[in-house]
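Read off the chains here:
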Amino acid sequence: MTATESLIAEAEAHSAHTYHPLPVVVASADGAWMTDVEGRRYLDLLAGYSALNFGHGNRRLIEAAKAQLERVTLTSRAFHHDRFAAFCTQLAELCGMEMVLPMNTGAEAVESAVKTARKWGYRVKGVPAEMAKIVVASGNFHGRTTTIISFSTAPEARADFGPYTPGFEIVPYGDLTAMRAAMTENTVAVLLEPIQGESGVIVPPAGYLPEVRELTRERNVLFVADEIQSGLGRTGRTFACEHEGVVPDVYVLGKALGGGIVPVSAVVSSAEVLGVFRPGEHGSTFGGSPLACAVALEVIAMLRSGECQARAAELGEHLHRELGALTGTGRVTRVRGRGLWAGVDIHPRFGTGREVSEKLMDRGVLVKDTHGSTIRIAPPLVIAKEDLDWGLAQLRGVLGVQGAG
Ligand SMILES: *Cc1c(COP(=O)(O)O)cnc(C)c1O
């Protein structure tokens, strides 16, 4: 047995099988590259589902984390600490908002946004007790808690986890008429991904997000944008909503906010909305910890320069041009996405998404399949153009395009 085989067998024997990972065991990583326990190198075109937008082992982030590790890592919110104020001020400023509610994982931030919207509904909008409704979209992915999976439309995410949390209306993604019809005076929020990541990088029809913005404003409903995967540079802007000139009432952030080092998430909104909370009504032991704030502050500083966003826009254009050429060959039926983010539908004749992912792995490229026939490409935003081109050459090779790497 190789080291890879024995480590995978051991992991399978002693971990719940909630994932079906590719058979690679990573031992170290740097930038856009990972090295496995056998010393083989792989180009990372997944970037931890966008948690690694700034790459593996980013020096600025590692130094910020190290310095904070030596000072103080956790105080709990029972006390103030000296990184908290700057984190909240600067994150709010980056979002053009006023207040921050810090949490850890994305799912926790979504849960917190649901609680925020309901409390705002009762305390500000005047919705009768227990009547608050939140409109969500089909094909959504917002996390794995019991409440969140209650409004998932993915059977495997829901099966045998009931009873489900009530209070959600599901409408087709991209369908404004259905959304308008689903709204009542008890609707407190619309919760949407501006681009649906897990669904296969689904970009809504042009004009949809501005229409949602207008409708929610008209009806005094909060527009909650889950930018956990789409935000913080991935699409070539700080937020995917910006492509449509939309400013939501609430941003939900996570993934890249923790720099790939610690889980850091947040709900960011106005003082009217996040001001609804009183002490004791919500909380988290690790949320807003000194270590989390130190890393996130460095992430925010990098985003403020706009460099990552510009790079994602520029390389993203290149990526989509190259992928577009593949659709011309018939191997790829469709490509969607924005910036350094693409969902690539493989023609079934050339293998399932999983098969293509495994063949790419054999050629030293790591991607993740989704929904049977789709592979998702989301490299760290710091990837070198030559590396991206090399990865794309491997994809052409796997799909049997003439003259490919
Ligand atoms: C990943 C993701 C989440 C959940 O984040 P976790 O950190 O895995 O809990 C929520 N919403 C979106 C859009 C995501 O991509």
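Report follows, based on the coordinates. (Residues numbered from 1 in each chain as written. Predicted model: local features only at pLDDT ≥ 70, side-chain atom pairs only at ≥ 80, totals over all residues. Heavy atoms only, no water.)

**Quick word on the overall build of the chain**
Here's step 1: Secondary structure summary: the chain contains 14 helices and 15 strands in total.
Here's step 2: Relative to a compact globule of 405 residues, whose C-alpha radius of gyration would be 22 Å, the chain shows 21 Å and is just as compact.
Here's step 3: Counting only C-alpha atoms, the chain reaches 65 × 55 × 45 Å along its principal axes.
Here's step 4: Across the 405 residues in the chain, those meeting the buried criterion constitute 53%.
Here's step 5: In the chain, the share of contacts with a sequence separation of at least 24, taken over all contacts with a separation of at least 6, comes to 70%. (Helix = DSSP H or I, 4+ residues; strand = E, 2+ residues; numbered from the N terminus. Rg over C-alpha atoms; globule rule 2.2 N^0.38 Å. Buried < 20%, exposed > 50% of the residue type's maximum accessible area, 1.4 Å probe, protein only. Contact = heavy atoms within 4.5 Å.)

**Examining the sheet that holds strand β10 (residues 265-269)**
Here's step 1: If you walk across this open sheet you meet the seven strands as β4-β10-β9-β8-β7-β5-β6, and the pairing is mixed. Each of the sheet's edge strands pairs with one partner strand only, and the pair in question is β4 (99-103) and β6 (168-171). Pairwise comparison of adjacent strand axes, ignoring direction, gives a mean angle of 20 degrees for this sheet.
Here's step 2: Across four bridges, strand β5 (residues 133-137) lies against β6 in parallel orientation. Each residue of the ladder has a partner; that of alanine 137, found in β6, is valine 171.
Here's step 3: Helix-sheet contacts for helix α5 (residues 106-125) involve β4, β5, β6, β7 (187-192), β8 (222-226), β9 (250-253) and β10, and the interaxial angle to β7 is about 155 degrees. (Pairing = 2+ DSSP bridges. Axes fitted to C-alpha atoms, helices over the stretch in contact; angles between N-to-C directions.)

**Some remarks on the site of the ligand**
Here's step 1: Taken together, Thr105, Gly106, Ala107, Phe141, His142, Gly143, Glu193, Asp226, Ile228, Gln229 and Lys255 make up the full set of residues near the ligand.
Here's step 2: Phenylalanine 141 places a main-chain nitrogen or oxygen 3.4 Å from a nitrogen atom of the ligand.
Here's step 3: The separation between a nitrogen atom of the ligand and a polar side-chain atom of aspartate 226 is 2.7 Å.
Here's step 4: In the complex, the protein chains occlude 81% of the 380 Å² of accessible area that the ligand would expose alone.
Here's step 5: When its residues are assigned to classes, the shell around the ligand shows three nonpolar, five polar and three charged. (Near = heavy atom within 4 Å. Polar contact = N/O pair within 3.5 Å; in protein donor to acceptor, adjacent residues only side chain to side chain. Areas by Shrake-Rupley, 256 points an atom, 1.4 Å probe, with all protein chains shown as cover. Nonpolar A, V, L, I, M, F, W, Y, C, P; charged D, E, K, R; others polar.)

**Side note on the nonpolar core**
Here's step 1: Within the largest apolar cluster, 82 residues are counted, with the highest numbers of intra-cluster contacts made by Phe87, Leu91, Met179 and Leu192.
Here's step 2: Excluding anything up to four places from it in sequence, leucine 91 contacts Val100, Leu253, Leu257, Ala266, Val268 and Ile300.
Here's step 3: Formed by 28 residues, the second largest nonpolar core is a distinct cluster that contains Trp120, Val252, Val267 and Val276. (Core = buried A, V, L, I, M, F, W, Y, C linked by side-chain atoms within 4.5 Å.)

**Concerning the packing of helix α12 (residues 307-327) against helix α14 (residues 385-398)**
Here's step 1: Viewed as axis vectors pointing N to C, α12 and α14 meet at an angle of 20 degrees, and their least axial separation amounts to 11 Å. By the angle between their axes, α12 is roughly parallel relative to α14. For α12 against α14, the interelement crossing comes out right-handed. Contacts from Arg311, Leu315, His318, Leu319, Glu322, Leu323 and Leu326 of α12 reach α14 at Lys385, Leu388, Asp389, Leu392, Leu395 and Arg396.
Here's step 2: Across the contact of α12 with α14, the residue classes tally to seven nonpolar, one polar and five charged. (Parallel < 35°, antiparallel > 145°, perpendicular 65-115°, else oblique. Left-handed = near helix turned anticlockwise from the far one by under 90°.)

**Brief notes about the environment of glutamate 272**
Here's step 1: Locating glutamate 272 in the fold gives a position in helix α10 (residues 271-274).
Here's step 2: A sequence separation of 174 residues divides glutamate 272 from glutamate 98, and the C-alpha atoms of the two residues are 9.1 Å apart.
Here's step 3: When neighbours within four sequence positions are excluded, glutamate 272 is seen to be in contact with Glu98, Trp120 and Val124.
Here's step 4: In this structure the side chain of glutamate 272 is engaged in a polar contact, spanning 2.8 Å, whose partner is the side chain of tryptophan 120.

**A closer look at helix α4 (residues 84-95)**
Here's step 1: Here α4 is 12 residues long and its end C-alpha atoms lie 17 Å apart, about the 16 Å a rise of 1.5 Å per residue gives.
Here's step 2: Where α4 is concerned, the buried positions are Phe84, Phe87, Cys88, Leu91, Ala92, Leu94 and Cys95. Along the axis of α4, the buried positions cluster into a sector of 160 degrees, meaning they face one direction only. Those residues of α4 that are exposed and aimed more than 90 degrees away from the buried face are Ala85 and Glu93.
Here's step 3: The elements touched by buried residues of α4 are β4, β9, β10 and α11 (290-305). (Expected span 1.5 Å × (residues − 1). Arc of directions from axis to C-beta.)

**Observations concerning the packing of aromatic side chains**
Think of a pair of aromatic rings as described by two things: how far the centres are apart, and how the planes are tilted against each other in angle.
Here's step 1: If you walk through the whole model with that rule in mind, you get four aromatic pairs.
Here's step 2: Geometrically, the ring pair formed by tryptophan 33 and tryptophan 390 is tilted, given 5.6 Å between the ring centres and 40 degrees between the ring planes. With tryptophan 33 in strand β2 (residues 33-36) and tryptophan 390 in helix α14, this residue pair connects regions lying 357 residues apart in the sequence.
Here's step 3: Under the relative-accessibility criterion, tryptophan 33 is labelled buried at 15%.
Here's step 4: Their ring planes at 75 degrees and their centres at 5.9 Å tell us that tyrosine 173 and tyrosine 208 sit as a pair that is edge-to-face. Placement of tyrosine 173 in the loop between β6 and α8 (176-182) and of tyrosine 208 in helix α9 (residues 208-218) is noted, with a sequence separation of 35 residues between them.
Here's step 5: The exposure class of tyrosine 173 is buried, given its relative accessible area of 15%.
Here's step 6: Note that arginine 41 overlies the ring of tryptophan 33, its terminal NZ or CZ placed 4.6 Å from the centroid.
Here's step 7: Arginine 158 extends its terminal NZ or CZ atom over the ring of tyrosine 164, reaching a point 4.0 Å from the ring centre. (Phe/Tyr/Trp six-rings, centres within 6.5 Å; stacked < 30°, edge-to-face > 60°. Lys NZ or Arg CZ within 6 Å of the ring centre and 35° of its normal.)

**As for the environment of alanine 107**
Here's step 1: Looking at the secondary structure, you find alanine 107 in helix α5.
Here's step 2: The exposure class of alanine 107 is buried, given its relative accessible area of 17%.
Here's step 3: Considering only alpha carbons, one finds alanine 107 and glycine 254, 147 residues apart in sequence, at a separation of 8.7 Å.
Here's step 4: Setting aside its immediate chain neighbours within four residues, alanine 107 contacts His142, Gly143, Arg144, Thr145 and Ile148.

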